[in-house]
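Descriptive structure summary
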Amino acid sequence: EVQLVESGGDLVQPGGSLRLSCAASGFTFSSYALSWVRQAPGRGLEWISFISAGGDTTVYADSVKGRFTISRDNAKNSLYLQMTNLRDEDTAVYYCARAYYHDRSGYYVGGDYWGQGTLVTVSS
Amino acid sequence: EIVMTQSPVTLSVSPGERATLSCRASQNIRSNVAWYQQKPGQAPRLLIYAASTRATGIPGSFSGSGSGTEFTLTISSLQSEDFAVYYCQHYNNWPPLFIFGPGTRVDI
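Along each chain, residues carry numbers from 1 onward, in the same order as the chain's sequence is written. Here every chain gets a letter starting at A, and every ligand a number starting at 1, in the order they are written. Selection of residues for local features in this predicted model requires a pLDDT of at least 70, selection of side-chain atom pairs for listing and counting requires 80 or more, and totals for whole chains, interfaces and linings are taken over all residues. To obtain the side-chain values, all non-hydrogen atoms of the structure were included, while hydrogens and water were left out.

Considerations on the interface of chain B and chain A
Applicable threshold: In what follows, residue pairs with any heavy atoms lying within 4.5 Å of each other are defined as contacts. Buried area: the sum, over both parts, of the accessible surface (1.4 Å probe) that disappears when the two are put together. We count a salt bridge whenever a side-chain nitrogen from Lys or Arg sits within 4 Å of a carboxyl oxygen from Asp or Glu. Polar contact is defined as a pair of N or O atoms within 3.5 Å, subject to the rule that within protein one atom must be able to donate a hydrogen and the other to accept it, and that residues adjacent in sequence are counted only when both atoms are side-chain atoms. Runs of H or I in DSSP of at least four residues are treated as helices and runs of E of at least two as strands, each being numbered from the N terminus. For this classification, Asp, Glu, Lys and Arg are treated as charged, while Ala, Val, Leu, Ile, Met, Phe, Trp, Tyr, Cys and Pro are nonpolar and the rest, including Gly, are polar.
Each side of the interface is counted separately: chain B has 23 residues, and chain A has 24 residues. In total, about 2,000 Å² of surface goes out of reach between chain B and chain A, with carbon and sulfur atoms giving 66% of it. For chain B, the biggest contributors to the area lost against chain A are Tyr49, Phe98 and Phe100 of chain B; these three give 27% of the whole. The tally of links from chain B across to chain A stands at 0 salt bridges. Across the contact surface, chain B and chain A share 7 residue pairs in polar contact (both at pLDDT 80 or more). Elements represented by at least two residues in the side of chain B that touches chain A include exactly strand S4 (33–38), strand S5 (45–49), strand S9 (85–91) and strand S10 (98–100) of chain B. For the side of chain B that touches chain A, the per-class residue count stands at 15 nonpolar, 7 polar and 1 charged.

Quick word on the environment of glutamine 37 of chain B
Residues and elements named next belong to chain B. For glutamine 37, the position within the fold is in strand S4. For the pair formed by glutamine 37 and proline 102, sequence separation is 65 residues and the distance between their alpha carbons is 12 Å. Apart from residues lying up to four places away in sequence, glutamine 37 is in contact with Ala43, Pro44, Arg45, Leu47, Phe62, Glu81, Asp82, Ala84, Val85 and Tyr86. Within polar-contact distance, the side chain of glutamine 37 engages the side chain of tyrosine 86 at 3.0 Å.

Examining the state of the cysteines
Residue and element names in this part refer to chain A. As a reminder, the rule being used: Two cysteine sulfur atoms make up a disulfide if the distance between them is within 2.5 Å. Throughout this description, buried means an accessible area under 20% of the type-specific maximum (1.4 Å probe, protein chains only), exposed means over 50%, and partly exposed covers the range between.
In total, this model carries 2 disulfides over all chains according to the counting rule given. Across a sulfur-sulfur distance of 2.0 Å, cysteine 22 and cysteine 96 are joined as a disulfide pair. Linking cysteine 22 and cysteine 96, the disulfide has an S-S dihedral of approximately 50 degrees and is accordingly described as right-handed. Residue cysteine 22 is found in strand S3 (residues 18–25), and its partner cysteine 96 is found in strand S9 (residues 92–102); the two are separated by 74 residues along the sequence. Looking at cysteine 22, the relative accessible area reads 1%, which means it is buried.

Re empty space enclosed by the protein
Note the following rule: Grid points spaced at 1 Å and placed over the protein atoms alone form the basis of the search, with a cavity being a set where a 1.4 Å probe fits but cannot get out and a pocket an open set showing protein on both sides within 12 Å along at least five of seven lines. Lining residues have an atom within 4 Å of a point. Grid points are joined across faces, edges and corners, and a volume is the space filled by probe spheres set on the points.
In this structure the tally under the stated criterion is 1 cavity of 30 Å³ or more. If you add up the space inside the largest cavity, you get close to 60 Å³. In this structure, the largest cavity is lined by Ser35, Val37, Trp47, Ala97, Ala99, Gly110, Gly111 and Trp114 of chain A together with Tyr36, Gln89, Phe98 and Phe100 of chain B. Looking at the lining of the largest cavity, the elements with two or more residues in it are strand S4 (34–39), S9 and strand S10 (107–114) of chain A together with S10 of chain B. If one sorts the elements of the lining of the largest cavity by residue count, S10 of chain A sits on top with 3 residues. Residues of the lining of the largest cavity, tallied by class, amount to 8 nonpolar, 4 polar and no charged.

Considerations on the packing of aromatic side chains
To describe a pair of aromatic rings, one takes the distance between the centres and the angle between the planes. We count it as follows: Stacked, tilted and edge-to-face pairs are distinguished by plane angle, under 30 degrees for stacked and over 60 for edge-to-face with tilted covering the rest, among Phe, Tyr and Trp rings (Trp via its six-membered ring) whose centres lie within 6.5 Å. Each ring is checked for a lysine NZ or an arginine CZ that lies within 6 Å of its centre and within 35 degrees of its normal; such an atom marks a charge sitting over the ring.
On inspection of all chains with the given rule, the structure shows 13 aromatic pairs over all chains. When the ring of phenylalanine 27 of chain A is compared with that of tyrosine 32 of chain A, the centres are 5.3 Å apart and the planes differ by 90 degrees; the resulting orientation is edge-to-face. Residue phenylalanine 27 of chain A is classed as buried on the basis of its relative accessible area, which comes to 14%. Ring centres of tyrosine 107 of chain A and tyrosine 91 of chain B lie 5.9 Å apart, and the angle between their planes is 75 degrees; on these two criteria the pair is classed as edge-to-face. Remark: tyrosine 91 of chain B occurs in strand S9 and tyrosine 107 of chain A occurs in strand S10; the pair is interchain, linking two chains. Tyrosine 91 of chain B carries the same exposure label as tyrosine 107 of chain A, and that label is buried. Ring pairing ties together the aromatic residues Trp47, Phe50, Tyr101 and Tyr108 of chain A together with Trp94 and Phe98 of chain B, which thus form one cluster. It is arginine 19 of chain A that lies over the ring of tyrosine 80 of chain A; its NZ or CZ is 3.9 Å from the centre. Its guanidinium or amino end placed over the ring of phenylalanine 27 of chain A, arginine 98 of chain A lies 5.0 Å from that ring's centre, counting from NZ or CZ.

Here's the deal with the side chain of histidine 102 of chain A
Relative to the helices and strands, histidine 102 of chain A resides in strand S9. Residue classification places histidine 102 of chain A among the buried residues on the basis of a relative accessible area of 11%. In this structure the side chain of histidine 102 of chain A is engaged in a polar contact, spanning 3.0 Å, whose partner is the side chain of serine 105 of chain A. Excluding its chain neighbours within four sequence positions, the residues that come into contact with histidine 102 of chain A are Tyr107 and Val109 of chain A together with Tyr49 and Ala50 of chain B.

What follows is the structure in structure tokens.
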């Protein structure tokens, strides 16, 4: 059974830093790209970052570019999100998601498996 | 930059009825659309990709259609477990970028 379990969410002051982790099991972790998606309280979904299976390609939404860093450790089946210079508007539940690759089109179409999320609250 | 919009914001439907949700892209995105369902307190669930292909394990009551700028998710006969928020999402080729619509809430 595919499982993704996020951790590391906390209350942090504006300008602070936090590192989220996502522990994966039930699939060959090193063969899959992954993403982080967040959801502010009562709001919609916002994709924020993508990392390729080997970790050599990373992509960021403009809202977090330069402040957040996605990384992975394939030996530990783990995905990470290092967040710095946090702002009030970064308050959200952060989900990790396995990226589904559609062979026929050659596109990553989104997340086929998701964790339950971890809450990050940025407030003074 | 591509913007995804969804209508209506809220759709009130009776169990057993058909629900039709709309999604519009600000420019031609071919068939590069996925649909997700999210229930309160739960993670999103992938329903449809490539505009009309059901994801693994998704029942036939869910169907997607459209291409270009106009897309539709249809739930043929609403069951109690289908009341949720539904998001459309555009995906890019390379580099991968994912843009969500604001969602449509389907309630009783």
